[in-house]
Amino acid sequence: MIERTAVIAAAAGLHARPAAAFAYAAAEQPVPIEIAKAGAPELSVQADSLLGVMSLDVAQGDQVILRARGAGAEQALETLVQLLETAA
């Protein structure tokens with residue numbers, strides 16, 4: 001399993017539109033991806049679930065952990081980390 005950490009850049013954190021954009025991007029990846037708030041990795045959710053992502057209550061500046069496995073996992077995580085670390 002590959003794991004990456006990202007710092008949330010969006011001023012709204014992962015709420016409403018940023019969470020929807022992230023979940024949509026995660027759903028387009030070729031592998032299943034999990035996301036968890038740093039400090040609570042046992043509370044991971046599927047990254048393509050809008051409600052799951054919003055339930056993490058992630059604010060600007062918070063760290064999240066992304067995990068994936070399988071062919072294409074590294075590129076999928078890189079794509080999502082770039083999305084999270086770019087202020088929208």
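Above: the structure in question.
Calculation rules
- Residues numbered from 1 in each chain as written.
- Predicted model: local features only at pLDDT ≥ 70, side-chain atom pairs only at ≥ 80, totals over all residues.
- Heavy atoms only, no water.
- Helix = DSSP H or I, 4+ residues; strand = E, 2+ residues; numbered from the N terminus.
- Rg over C-alpha atoms; globule rule 2.2 N^0.38 Å.
- Buried < 20%, exposed > 50% of the residue type's maximum accessible area, 1.4 Å probe, protein only.
- Contact = heavy atoms within 4.5 Å.
- Lys, Arg positive; Asp, Glu negative; His and termini not counted.
- Charge placed at Lys NZ, Arg CZ, Asp CG, Glu CD.
- Core = buried A, V, L, I, M, F, W, Y, C linked by side-chain atoms within 4.5 Å.
- Salt bridge = Lys/Arg side-chain N within 4 Å of Asp/Glu carboxyl O.

Enquirer: Please clarify how the overall build of the protein chain should be interpreted in this entry.
Expert: Counting its secondary structure elements, the protein chain contains three helices and four strands. Along its sequence from the N terminus, the protein chain presents helices and strands in the succession β-α-β-β-α-β-α. In summary, the protein chain has a C-alpha radius of gyration of 11 Å against a globular reference of 12 Å for 88 residues, a match within 12%. Principal-axis analysis of the C-alpha atoms gives the protein chain an extent of 30 × 25 × 20 Å. Within the protein chain, buried positions represent 39% of all 88 residues. Considering only contacts within the protein chain whose residues lie at least 6 apart along the sequence, 73% involve residues at least 24 apart. Here the protein chain contributes 5 positively and 10 negatively charged side chains, and the mean placements of these two sets differ by 2 Å.

Enquirer: What is the right way to read the nonpolar core from this model?
Expert: Across soluble globular proteins, nonpolar side chains show a tendency to be buried alongside one another. Within the largest apolar cluster, 24 residues are counted, with the highest numbers of intra-cluster contacts made by Leu14, Phe22, Ile33, Ile35, Leu66 and Leu84. Broken down by secondary-structure element, the contributors of at least two residues to this core are helix 1 (16–27), strand 2 (33–37), strand 4 (63–68) and helix 3 (73–84). With six residues, the single largest contributor to this core is helix 3. Apart from the residues lying within four places of it in its own chain, the contact partners of Phe22 are Leu14, Ile35, Ala47, Val53, Leu66, Leu80, Leu83 and Leu84.

Enquirer: What is the right way to read the pattern of salt bridges from this model?
Expert: Pairs may arise between side chains of opposite charge once their charged atoms sit close together. Taken as a whole and judged by the stated rule, the model has four salt bridges. One salt bridge connects Arg67 with Glu3, and the closest N-O pair in it is separated by 3.0 Å. With Arg67 in strand 4 and Glu3 in strand 1 (residues 2–7), the pair connects residues that are 64 residues apart, well separated along the chain. Glu78 serves as the salt-bridge partner of Arg4, at 2.6 Å between the closest nitrogen and oxygen. Of this pair, Arg4 sits in strand 1 while Glu78 sits in helix 3, placing them 74 residues apart in sequence. Look at Glu78 and you get partly exposed, because its relative accessible area is 26%.

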